[in-house]
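Architecture at a glance
Chain by chain, the residues run as shown.
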Amino acid sequence: MGKQRKTRKIVEKRFAKMKKMISPSDSRIKNSERSEPKKKKPVDPHLIKIREVPQTSSALFFQYNMQLGPPYHVLIDTNFINFSIKNKLDIIQNMMDCLYAKCIPYITDCVLGELEKLGRKYRVALRIIKDPRFERIACLHKGTYADDCLVQRVTQHKCYIVATNDKDLKRRIRKIPGVPIMYVAEHKYTIERMPDAYGAPKGAI
C-alpha cells in the first residue's frame, strides 16, 4: 500500500504540471482557435472634448471676491462664539474693528441647534446669539451638523464671510474660491483672503 500511495502522488504532481495554462502566444495554438484582439475605437481628431467645470462667479476677479463690501454678512460657526466668550470679545464690536465697517452676523438654525444640544454650560453663548442684532437663517436640511450647511451655503452664495476657528471647516472653505475666513487669534479677530483695499488686516493662511 505504501508504494501505491507514493506512485499516485508522483503521477498527481506530473498531471498538475501539465495542467498549467498555455500562453496565448504559444506556437502550438492554431490561428483559427486564437481569439481576435480587441480593436480600439477610432478617435476623431476634430471632435471637441467636453469637460464639466463648475462655473465660477463673475465677482471673482484675480484672487479676491470683489462683490464683498459693507455691510459685511458674516456666517458664524459654533466654536467661533465659544472662542469669543473665552477671549472676552464682543462679537459685533470686534467684527467692526477688524473690517472697519458695519457687519451683520448671521446664525443658521443648525448652529443654534448645536449650541442648544451642548447644554447649560453654553447658556451664555445662547443668550448672546439671541440678540436682535444677530440675523437668523432658516435651514431646510435635516440634522444639526453646521459644517456641511455652511460649506453648502457659501458655495451657492459668494456674499458671505465665514467666522470659524474649526481647522477642518477652514480647510474645506479654503477650497472654495472667494470666501474670506474670520477667526480668533491673539485675543482679536483676524481675517484672511480679503482684499487689501477694504482695510482688513492680513491673516496668516
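Thresholds, definitions, all that
Residues numbered from 1 in each chain as written. Predicted model: local features only at pLDDT ≥ 70, side-chain atom pairs only at ≥ 80, totals over all residues. Heavy atoms only, no water. UniProt positions renumbered as here; feature names shortened; annotations may be inferred. Helix = DSSP H or I, 4+ residues; strand = E, 2+ residues; numbered from the N terminus. Buried < 20%, exposed > 50% of the residue type's maximum accessible area, 1.4 Å probe, protein only. Core = buried A, V, L, I, M, F, W, Y, C linked by side-chain atoms within 4.5 Å. Contact = heavy atoms within 4.5 Å. Axes fitted to C-alpha atoms, helices over the stretch in contact; angles between N-to-C directions. Parallel < 35°, antiparallel > 145°, perpendicular 65-115°, else oblique. Left-handed = near helix turned anticlockwise from the far one by under 90°. Nonpolar A, V, L, I, M, F, W, Y, C, P; charged D, E, K, R; others polar.

The chain is annotated in an unreviewed UniProt entry as rRNA-processing protein FCF1 homolog of Bombyx mandarina. As recorded by UniProt, the Subcellular location (unreviewed entry) comment attached to the chain reads in full: "Nucleus, Nucleolus".

A few words now on unusual backbone geometry. Cis geometry marks the peptide bond from Pro 70 to Pro 71; its omega dihedral reads -5 degrees. Even without being a glycine, Tyr 100 presents a positive backbone phi close to 55 degrees. Counting through the fold element by element, Tyr 100 comes out in the loop between α3 (91-99) and β4 (103-108). In this structure, His 187 takes a positive phi of about 60 degrees despite not being glycine. A relative accessible area of 59% places His 187 in the exposed class.

In this fold, Leu 68 is placed in the loop between β2 (64-65) and β3 (72-76). Note: C-alpha distance between Leu 68 and Ile 161 (93 residues apart in sequence) is 8.7 Å.

The subject of this paragraph is the nonpolar core. Of all hydrophobic cores here, the largest spans 33 residues; its most connected members are Ile 76, Phe 80, Ile 81, Met 95, Met 182 and Tyr 189. In terms of residue count, α3 provides more of this core than any other element does, five residues in total. With residues up to four places along the chain from it excluded, the contact list for Ile 81 reads Ile 76, Ile 91, Ile 107, Val 111, Leu 115, Ala 125 and Ile 129. Counting residues in hydrophobic clusters, the runner-up holds 15 residues, among them Ile 104, Ile 137, Leu 150 and Tyr 160.

The subject of this paragraph is the packing of helix α6 (residues 146-156) against helix α7 (residues 167-174). Following both chains from N to C, one finds α6 and α7 inclined at 20 degrees, their axes separated by 10 Å at the closest point. The angle between α6 and α7 falls in the class roughly parallel. Our pair here, α6 against α7, has a crossing hand that is right-handed. Of the residues in α7, those touching α6 at Asp 147, Asp 148, Leu 150 and Val 151 are Leu 169, Arg 172 and Ile 173. Classifying every residue of the contact of α6 with α7 gives four nonpolar, no polar and three charged.

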